[in-house]
Amino acid sequence: MSLRRRPQLMLGAATAVAVASAGFAALAPAANAAQGCRVTYTIASQWQGGFVADIAITNLGDPLSDWTLKWSFGADQQITGGWGATYSQSGTAVTATNVSYNGSIGTGGTTSIGFQGTFGSSNPVPSSFVLNGTACTGSVGGSPSATPSPPRSPSPSPSPTRSPSPSPTPTPGGNTGGLVGWAAMNGGTSGGGNAATVSVSSASALTSAIQGTTASVVRVSGTISCSGMLRVGSNKTIVGASGAALVGCGLNVSNAKNVIIRNLTFRNWDDDAINVQYSTNVWIDHNTLSNGYDGAIDVKRASDYVTVSWNRVFSHDKTMLLGHSDDNGAEDRGHLRVTYHHNWFDGTVQRNPRVRFGNPVHVFNNYYNNNRGYGVASTQEAGVLVEGNYFENVGDPYHRGEGSSPPGNLVARDNYKVGSGGGDTGGSVASIPYSYALDTPSSVKSIVIGGAGAR
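For clarity, every value in this text was computed on a predicted model and none was experimentally measured.

Draft legend 1. Highlighting the overall build of the protein chain. Scanning the protein chain from N- to C-terminus turns up three helices and 35 strands. The buried share of the protein chain, reckoned over its 455 residues, is 58%. Put simply, 63% of the contacts in the protein chain that link residues at least 6 apart link residues at least 24 apart. Working note: accessible area of the protein chain is about 15,900 Å², and carbon and sulfur atoms make up 48% of it.

Below you can see the structure in the form of structure tokens.
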């Protein structure tokens, strides 16, 4: 069973600098003997249970034609995807090896790599690094080469606070890298994985980088102003550097598979911020969305195996639509299975989410505050489990039927309410097929506020 661990959040970025002494291990070829090196490790962004790290490798010795960097984590961090290197991990020990385009580092030269990862109770910066057998301590000559700290087994995962029900014995869904829910099923969702990273800072570069089906990690920097919907292809991780924003436009995941969208701020979009249609295995995680025209995150037209997690939406009306029409049952029946967890619906008006056809749709451990329209609506053949959420000052937390759409099925349990209405339930919902850990409902407010949104 995969469990989401609860970290202690860090404020600001953490950086460690290690430099290298002379000497090198006998296993490193003389032509590539790193006689001195410096490594700068920066936690570029961090959220509840996950983080992005940047690593700058500076060669202070002889020119290198290839390199291998090694280090050991100080806790139970796990790398889930990276760029600029090929990564392998055994316990706490990590090895990063150059890719085809960055193996050569001249004397005084620097190359940059990075990765996404998860952590449990803490995320300490590694204390030392070894490049081609030489300890990176920032000088040339002197100390003998060092080796990484011995691997240590990760801390055991905590037991879940609750077993999901009405499920039978849960079937693990390949929940890795913090991914929980429907996107972990059907083979899982890895996005671009360890593919090379493309860094973009303009609308034209972003539009080009996210097309096609070739696996890639697209890193967005700065504020990109654009309009309309930018088409996203399969096998993509689109991740924002700290502070990255898309203003005026949205992302259209259409006829695609295996997509991750993470750590972006969306503002003032002129259609939808994120639209998912005819697509499977999509993970939308740790984004901040506000002040758009239509939907913030809409999923429709036979899409399936989607997880929407740790997002914050504020100053917006129509938040998350699941299923666009009562008349689209021919495409949508048996699909539209989505998990919504640890999202912050911060004063949004409606569709948090509004559901058609999907069954089961799982809405758990979200924080709702001051939603003046309604929280969750189950309509048109849907089956929605609303579980362990925190509702604060929400007069209508959940109900069946909406507008001209007939009532769907809705089961609510273990929700925590402050100044909120009772809600409307009825019918039955299909069993949840994956494992998950449910946070104590009364703690959800502080947990979600501490971790939701882009960093």
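Draft legend 2. Up close: the sheet that holds strand 14 (residues 236–240). Spatial ordering of the open sheet is given by 11-12-14-16-19-22-25-28-31-34, a layout of ten strands whose pairing is parallel. Taken across any chain shown, the strands that pair with only one partner, and hence form the sheet edges, are strand 11 (197–200) and strand 34 (409–413). When the angles between neighbouring strand axes are averaged without regard to direction, this sheet yields 10 degrees. As paired elements, strand 19 (residues 280–285) and strand 22 (residues 304–309) share five bridges and run parallel to each other. When the sheet's bridge partners are listed, D285 is paired in strand 22 with S309.

Draft legend 3. Geometry of the side chain of N343. Inspection of the secondary structure puts N343 in the loop between strand 25 (338–341) and strand 26 (344–346). By relative accessible area, which is 0% here, N343 ends up buried.

Draft legend 4. Quick look at the packing of aromatic side chains. On inspection of all chains with the given rule, the structure shows 19 aromatic pairs. Measuring from ring centre to ring centre gives 6.2 Å for Y41 and F115, while their planes differ by 55 degrees; the resulting arrangement is tilted. With Y41 in strand 2 (residues 37–47) and F115 in strand 8 (residues 110–118), this residue pair connects regions lying 74 residues apart in the sequence. Given a relative accessible area of 0%, Y41 falls into the buried group. Plain terms: the ring middles of W182 and Y434 are 5.8 Å apart, the flat faces sit at 80 degrees to each other, and that makes the pair edge-to-face. Remark: Y434 occurs in the loop between strand 35 (416–418) and helix 3 (444–451) and W182 occurs in the loop between strand 10 (134–135) and strand 11; sequence separation between them is 252 residues. For the pair formed by W182 and Y434, the shared burial category is buried. Counting every residue linked through ring pairs, the aromatic cluster contains Y41, F51, W71, F73, Y87, F115, F119 and F129. One residue, R262, lies across the ring of W283, its end atom 4.5 Å from the ring centre. If you follow R312 out to its NZ or CZ, it ends over the ring of F314, 4.4 Å from the centre.

Draft legend 5. Structural view of the confidence of the model for the protein chain. Confidence in the prediction of the protein chain, expressed as mean pLDDT, is 85, and 84% of residues score 70 or more. The low-confidence segment residues 1–13 (pLDDT under 50) makes 43 contacts with residues lying over four places distant or belonging to another chain.

Draft legend 6. Representation of the state of the cysteines. With the rule as written, the count across this model stands at two disulfides. Between C37 and C136 runs a disulfide, and the two sulfur atoms are separated by 2.1 Å. Disulfide C37-C136: the torsion about the S-S bond is -100 degrees, which places it as left-handed. Taken as a pair, C37 in strand 2 and C136 in the loop between strand 10 and strand 11 lie far apart in primary sequence, 99 residues in all. The pair C37 / C136 is uniform in exposure class, with both members buried. Each sulfur in the disulfide pair C226 and C249 lies 1.9 Å from the other. Classification of the bridge connecting C226 and C249 rests on its S-S torsion, roughly -40 degrees, and on that basis the disulfide is left-handed. You can see C226 sitting in strand 13 (residues 223–232) and its partner C249 sitting in strand 15 (residues 245–254), a full 23 residues away along the chain. Each member of the pair, C226 as well as C249, is classed as buried. Sequence-ordered numbering of the bonded cysteines in the protein chain yields a pairing of 1-2, 3-4.

Draft legend 7. Highlighting the side chain of T111. Of note, T111 is situated in strand 8. Residue class for T111 comes out buried when judged on its relative accessible area of 10%. Filtering out sequence-adjacent residues up to four positions away, T111 remains in contact with I55, A56, I57, W67, N102 and I105.

Draft legend 8. Representation of the pairing of strand 4 (residues 68–72) within the structure. The pairing of strand 4 with strand 7 (residues 93–98) spans five bridges and is classified as antiparallel. Looking at strand 7, one finds that L69 is bridged to A96. Bridge analysis of strand 4 against strand 9 (residues 129–131) gives three bridges, and the strand direction is antiparallel. By the bridge assignment, K70 is partnered in strand 9 with V130.

Rules behind the numbers
- Residues numbered from 1 in each chain as written.
- Predicted model: local features only at pLDDT ≥ 70, side-chain atom pairs only at ≥ 80, totals over all residues.
- Heavy atoms only, no water.
- Helix = DSSP H or I, 4+ residues; strand = E, 2+ residues; numbered from the N terminus.
- Buried < 20%, exposed > 50% of the residue type's maximum accessible area, 1.4 Å probe, protein only.
- Contact = heavy atoms within 4.5 Å.
- Areas by Shrake-Rupley, 256 points an atom, 1.4 Å probe, with all protein chains shown as cover.
- Pairing = 2+ DSSP bridges.
- Axes fitted to C-alpha atoms, helices over the stretch in contact; angles between N-to-C directions.
- Phe/Tyr/Trp six-rings, centres within 6.5 Å; stacked < 30°, edge-to-face > 60°.
- Lys NZ or Arg CZ within 6 Å of the ring centre and 35° of its normal.
- pLDDT = per-residue confidence, 0-100.
- Disulfide = S-S within 2.5 Å.

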